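Tertiary structure, described
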Amino acid sequence: MKKYKEANKSETETTINVLYSENILSIYTNKVDLERQLCKAIGEPTHEYVKGRSIVASRWDVSLNEKSKITQMMLKANIFEL
């Protein structure tokens, strides 16, 4: 079971970068609810940022060719509502 650490409300962030030269969509977040939704929608993160025994943030790198994963992320994880 993964243990997430909730960030301060003023320090909560979600960043989506499109790296055209690398053909990657990179999603970084430290919002616990969104991390759980993204794990369910597109799978395990590429990198988890850990402090002590808790996960404080996660990053997913999704190839722009994986249209089904991007669609699942848009439909199942409320990235724009949060």
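Note: the structure precedes this text.
The notes below deal with the structure included here. (Residues numbered from 1 in each chain as written. Predicted model: local features only at pLDDT ≥ 70, side-chain atom pairs only at ≥ 80, totals over all residues. Heavy atoms only, no water.)

1. Quick look at the sheet that holds strand β2 (residues 24-29)
- An order of β1-β2-β4-β3 is seen for the four strands of this open sheet, with the pairing classed as antiparallel. Only two strands of the sheet have a single neighbouring strand rather than two, namely β1 (14-19) and β3 (47-51). Looking at each pair of strands side by side, their axes are set apart by 15° on average, direction ignored.
- Alignment of β3 against strand β4 (residues 54-63), held across five bridges, turns out to be antiparallel. By the bridge assignment for β4, K51 is matched with S54.
- Contacts from helix α1 (residues 32-42) reach β1, β2 and β4 within the one sheet, and its direction differs from that of β4 by about 40°. (Pairing = 2+ DSSP bridges. Helix = DSSP H or I, 4+ residues; strand = E, 2+ residues; numbered from the N terminus. Axes fitted to C-alpha atoms, helices over the stretch in contact; angles between N-to-C directions. Contact = heavy atoms within 4.5 Å.)

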